Amino acid sequence: MISIFPSLLNGTVITFKLLISSMFFGLLIGLFFAILRINNNPLINKFAYGYSYFFRGTPLLVQLYLIYYGLANIEFLRNSFLWVVIREPYWCAIIAFSLNTGAYTSEILRSAFQTIKEGYIEAAQSLGVSKKITFYKIQIPIAIKQSLPAYGNEIILMLKGTSLASVITIMDLMGEARKVNVLTFKPFEAFITAGIIYLFLTFIIHNIVKYLEKKYGFQT
Amino acid sequence: MELLSFGDTGWGDELFLATLMTIAVSIAAMAIGFVFALIFTPLKLSKNKTLNLIGNCYTTIIRGVPELLVIYLLFFGGTGAVMYVASIFGYDGYIEINAFITGALAIGIISGAYSTEVFRGAILSIDKGQFEASQVLGIKKSIQFYKVILPQMLRLSIPNLSNVWQITLKDTSLISVTGLVEIMRQSYIAAGSTRDPLFFYSVAAVLYLVLTFLSMKIINKLEIRFNKGY
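Okay, so let's go over this structure. (Residues numbered from 1 in each chain as written. Chains lettered and ligands numbered in written order. Predicted model: local features only at pLDDT ≥ 70, side-chain atom pairs only at ≥ 80, totals over all residues. Heavy atoms only, no water.)

**Looking at the packing of helix H4 (residues 99–124) of chain B against helix H6 (residues 141–171) of chain B**
All names here are of chain B. Selection criterion: Inter-axis angles, ranging from 0 to 180 degrees, are taken between N-to-C directions of lines fitted to C-alpha atoms, where helices are fitted over the stretch in contact. The way it works is that DSSP assigns letters per residue, a run of H or I at least four long becomes a helix, a run of E at least two long becomes a strand, and they are numbered from the N terminus. Angle categories: roughly parallel below 35 degrees, roughly antiparallel above 145, roughly perpendicular from 65 to 115, and oblique for all the rest. Rotating anticlockwise by less than a right angle from the far helix to the near helix defines a left-handed crossing, while the corresponding clockwise rotation defines a right-handed one. Throughout, a residue-residue contact means that at least one pair of heavy atoms, one from each residue, lies within 4.5 Å. Classification used: nonpolar for Ala, Val, Leu, Ile, Met, Phe, Trp, Tyr, Cys and Pro, charged for Asp, Glu, Lys and Arg, polar for all others including Gly.
Their axes nearest at 8 Å, the elements H4 and H6 cross at an angle of 140°. Comparing the axis directions of H4 and H6 gives the class oblique. Crossing of H4 against H6: the hand is right-handed. Residues Ile-107, Ile-110, Ser-111, Tyr-114, Ser-115, Val-118, Phe-119, Ala-122 and Ile-123 of H4 form the contact with H6, whose own contacting residues are Phe-145, Ile-149, Met-153, Leu-154, Leu-156, Ser-157, Asn-160, Leu-161, Val-164, Thr-168 and Asp-171. The residue inventory of the contact of H4 with H6, partitioned by class, reads 14 nonpolar, five polar and one charged.

Dropping the structure here:
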C-alpha cells in the first residue's frame, strides 16, 4: 500500500502541471473568445459561437484524439516547425485541454459581461472615461469577479479532465494508477488511492476559490 | 466519402451501429442515474444527520473524482469483486462482466450524482405552501410526494436535466477504454485500420455534435410541453 505512494505522487505533479498550464492558456483563449462573442459584428460573433459550440458539444476525448492522432496525419504540419510541439503527447494534451476549457471559460465570461449593470458603463461614460479604459478597467474586472463561482467549477471539471491525458501515454496521476493496477493486480488500492488524491485536490481548489470569492467577490 | 459507404468496403454501417450504441448507453446510464438520484435526493434532504452525510458523500465523491476513475474502478474492480463472490459459492473460473453493463452502470453512477443535485434544487425551490396545503387537505406523505411534489419537481428540473444529459452523452465516450464499441471505439478501430485518424475522429466529432444538437431540439419541445399549464 505504502509502496505505491511515490509513483502516485509523481503522477500528481504531472496532473498539477497539466492543470496549471491548461487553465492559464484556457483563460487567455476564453477571454479572447468572450470579447469576440460580445462583438456586434455578426460574422465574428458567429465564429466565436461556433468555436464554443464545437468544443462544448463534443467529448474531450474526441478533441484529444483529433489533436494527438489527427494533426500528426497532416503532411504539411509534419514538415513544419510545429511538429516539435505536436509530436509530444504532453503538449497535445495541453493544447486540447486549453482549447476545451477556453470554450467553457468564454461562455462563463460572456454571461458575466452581459450581466454587468448598464449603470456602471453609463457612469463611466458620463465621467468622460474612454471606451477602451471602461472596458479594461471596469468591464473586465467586474466580469472576472462575477464569474468566480462558475470558474471555480470549471477548474474542478478541468482537473477531472486532465485524467484523460493517461490515454495518450502521459503518466499523470491516472496513468500511474493504471500502471500500479497492471503491475499489482490490485485495482481497489490503486484507483481508490488515486481517487483520494483527486478528491483532496478538488477540496483544495474548492476552498481557494471560496476564499477568493469572499475576498474579492462581487456583492450585488 | 468512400470510407463512409455502407457495406463491406466502408465504415458507414459500423459507425451507424456505433452511434446507436452510444445512444443506448446514454439512455441506460441516464435511467440508472435517475434510480440513484431518487434514492439519494431524499437522503440529501433528510434531517437525519447520518442519512444526510451518506447523501452528501455520494455527490461530493462522485463529482470530485474523474469519470475515468469510476469507470476503471468498476471495470477492473467489478470483475474481481464478482469473481470473489462467485468463489465463495465455489466457482473459480474467469467471469467477464459485459462491457455495456459496467459502462452504463459507471456513467449512471456519475450522472446520478448530478441528477441528485438537480432534483434537490428543484424540490427546494417548490413553494412551501404546496407542502402545507397538501398536509392541510390530509393527503398522506407518500401520495403527497407522488402526486404533488414529483410532477412539479420534474417540471422544474428539465432545464438542468438537459445539461446532465449532455454531460452523460459526452461521458459515454470514456467507456471506449473498456472496449465497448460505441462511436469513439469504432472511430479508433477505423482510424487504426485505414491510417486516417484525422478523418475518422472528425466524423466522430460531427456525430457527437449531431447527437447533442438533436437532443437539445427534443428537450426544448419537452420543456414547452411540460410548461403548458404555466
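Structure shown, so let's carry the discussion forward.
**Section: the pattern of salt bridges**
Charged atoms that come close allow side chains of opposite charge to pair. Short version of the rule: We define a salt bridge as a contact between a side-chain nitrogen of Lys or Arg and a carboxyl oxygen of Asp or Glu at a distance within 4 Å. Throughout this description, buried means an accessible area under 20% of the type-specific maximum (1.4 Å probe, protein chains only), exposed means over 50%, and partly exposed covers the range between.
Tallying each qualifying case throughout the model produces eight salt bridges over all chains. Two residues, Arg-37 of chain A and Glu-107 of chain A, come together in a salt bridge whose shortest N-O distance is 2.5 Å. Taken together, the positions of Arg-37 of chain A in helix H1 (residues 5–37) and Glu-107 of chain A in helix H6 (residues 89–114) put the pair 70 residues apart, joining distant regions of the chain. By relative accessible area, which is 11% here, Arg-37 of chain A ends up buried. The salt bridge partner of Glu-117 of chain B is Arg-63 of chain B, with a shortest N-O separation of 3.3 Å. Remark: Arg-63 of chain B occurs in helix H2 (residues 49–64) and Glu-117 of chain B occurs in helix H4; sequence separation between them is 54 residues. For Arg-63 of chain B, a relative accessible area of 33% corresponds to the partly exposed category. Bridged by salt links that share partners, the residues Arg-37, Arg-56, Glu-107 and Arg-110 of chain A form one connected network.

**Focus: the packing of aromatic side chains**
By convention here, two paired aromatic rings are described through the distance between centres and the angle between planes. All names here are of chain A. The condition that has to hold: Note on aromatic contacts: the rings of Phe and Tyr and the six-membered ring of Trp form a pair at centre separations within 6.5 Å, being stacked when their planes are under 30 degrees apart, edge-to-face when over 60 apart, and tilted otherwise.
Scanning the model with the defined rule gives 27 aromatic pairs over all chains in all. Taking the centre distance of 5.8 Å and the plane angle of 40° together, the rings of Phe-33 and Phe-47 count as tilted. Here Phe-47 lies in helix H2 (residues 42–57) and Phe-33 lies in helix H1, a separation of 14 residues in the sequence. Residue class for Phe-33 comes out buried when judged on its relative accessible area of 9%. Judged by relative accessible area, which is 52%, Phe-47 ranks as exposed. An aromatic cluster is present here, built from Phe-32, Phe-33, Phe-47, Tyr-51, Phe-54 and Phe-55 joined pairwise through their rings.

The values reported here are purely geometric and, on their own, carry no functional implication.
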